[in-house]
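# Chain and residue survey
Each chain, letter by letter, is given below.
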Amino acid sequence: MNMVIFGPPGAGKGTQAKQIVRDRGAVQLSTGDMLRAEIASSSSIGQQVESIIKAGELVPDEIVCAMIDKNIDENPDAAGFIFDGFPRTIAQAESLGELLSEKKMKLDHVIRLSVDDRSLLERITARFEDQGRKDDNPETFQVRLAAYNEQTAPLLPYYADQGLLKEVDGMRGIDEVALNIANVLDEV
Ligand code: AMP
């Protein structure tokens, strides 16, 4: 089973992806985590993307698509993949479709977590205090939200047209959201 966990920054994508990993043994591929690891190791990709991420903007499609491609190949025995924070543009979605079909794989679900903007800001502010991620400050959050609305939200009709989009109310508690996602994944 391969799925995209989809939503704006602060919707709970990473938290829910980890629950699905725990329950179903799929592999989480978070482009945000991969990029932060590149920055932490001061790799050449890390140096290229650091200021972009700090500003809350999207890094180039080629960089994230290459990382996803490599990480899929590095996990040949995975029970499935949960794409977390990827794709974020139509071009990335098209690349994902192509690279999955080259590997004789396909997407089974796109789960959208819907959360209102005010709650997103509250969650991001709490995460800023807890984890100190530089791009979680309120100013950068607005840039990230604009990037989501302009570049990522167009993926909703894109995946709806493919019959893959399922919506889950992300305003509820972590366990309830996880249960609702599980119900969607188990629907025949
Ligand atoms: P995230 O942890 O998913 O919120 O990502 C943190 C930051 O990494 C984003 O604000 C972007 O700057 C960058 N990023 C993560 N994933 C992508 C992606 N698929 N495409 C472009 N930029 C990304």
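What comes next is a walk through the structure. (Residues numbered from 1 in each chain as written. Predicted model: local features only at pLDDT ≥ 70, side-chain atom pairs only at ≥ 80, totals over all residues. Heavy atoms only, no water.)

## Quick look at the pattern of salt bridges
- Applying the stated criterion to the full structure yields 16 salt bridges.
- Between K103 and D73 there is a salt bridge whose closest N-O contact spans 2.9 Å. In this pair, K103 is assigned in the loop between α5 (90–102) and β4 (109–114) and D73 in helix α4 (residues 61–73), connecting sequence segments 30 residues apart.
- We note a salt bridge from D136 to R144, for which the minimum N-O separation is 2.8 Å. One exposure class covers both D136 and R144, and it is buried.
- Among the charged side chains, a salt-bridge network with shared partners connects R127, R133, D135, D136 and R144. (Salt bridge = Lys/Arg side-chain N within 4 Å of Asp/Glu carboxyl O. Helix = DSSP H or I, 4+ residues; strand = E, 2+ residues; numbered from the N terminus. Buried < 20%, exposed > 50% of the residue type's maximum accessible area, 1.4 Å probe, protein only.)

## Examining the site of the ligand
- Taken together, 16 residues lie around the ligand, and T31, R36, E57, G85 and Q92 are the ones closest in.
- A distance of 3.1 Å is found between a nitrogen atom of the ligand and a backbone nitrogen or oxygen belonging to V59.
- Contacts to the ligand include R133, whose side-chain N or O atom sits 3.3 Å from an oxygen atom.
- For the ligand, whose unbound accessible area comes to 470 Å², protein coverage reaches 96%.
- A majority-of-atoms criterion places the ligand in the largest pocket.
- Examining the composition of the shell around the ligand, we find that 4 residues originate from one element, helix α2 (residues 31–40), more than from any other. (Near = heavy atom within 4 Å. Polar contact = N/O pair within 3.5 Å; in protein donor to acceptor, adjacent residues only side chain to side chain. Areas by Shrake-Rupley, 256 points an atom, 1.4 Å probe, with all protein chains shown as cover. 1 Å grid on protein atoms, 1.4 Å probe; cavity = no way out; pocket = protein on both sides within 12 Å on 5 of 7 lines; lining within 4 Å. Sits in = over half its atoms within 2 Å of the grid points.)

## Some thoughts on the side chain of N71
- Here N71 is to be found in helix α4.
- Excluding residues within four positions of it along the chain, N71 makes contact with L29, M34 and F81. (Contact = heavy atoms within 4.5 Å.)

## What to know about the sheet that holds β4
- In spatial order, the strands read β2-β3-β1-β4-β5; together these 5 strands make up an open sheet with parallel pairing. Either end of the sheet is taken by a strand with one partner, and the two such strands are β2 (27–30) and β5 (165–169). In this sheet, adjacent strand axes meet at a mean angle of 25 degrees when their direction is disregarded.
- In this sheet, strand β3 (residues 81–84) lies alongside β2 in parallel orientation, the contact comprising 4 bridges. For S30, the partnering residue across the bridge sits in β3 and is D84.
- Along the sheet face, helix α9 (residues 174–186) touches β1 (3–6), β4 and β5 and points at about 155 degrees away from the line of β4. (Pairing = 2+ DSSP bridges. Axes fitted to C-alpha atoms, helices over the stretch in contact; angles between N-to-C directions.)

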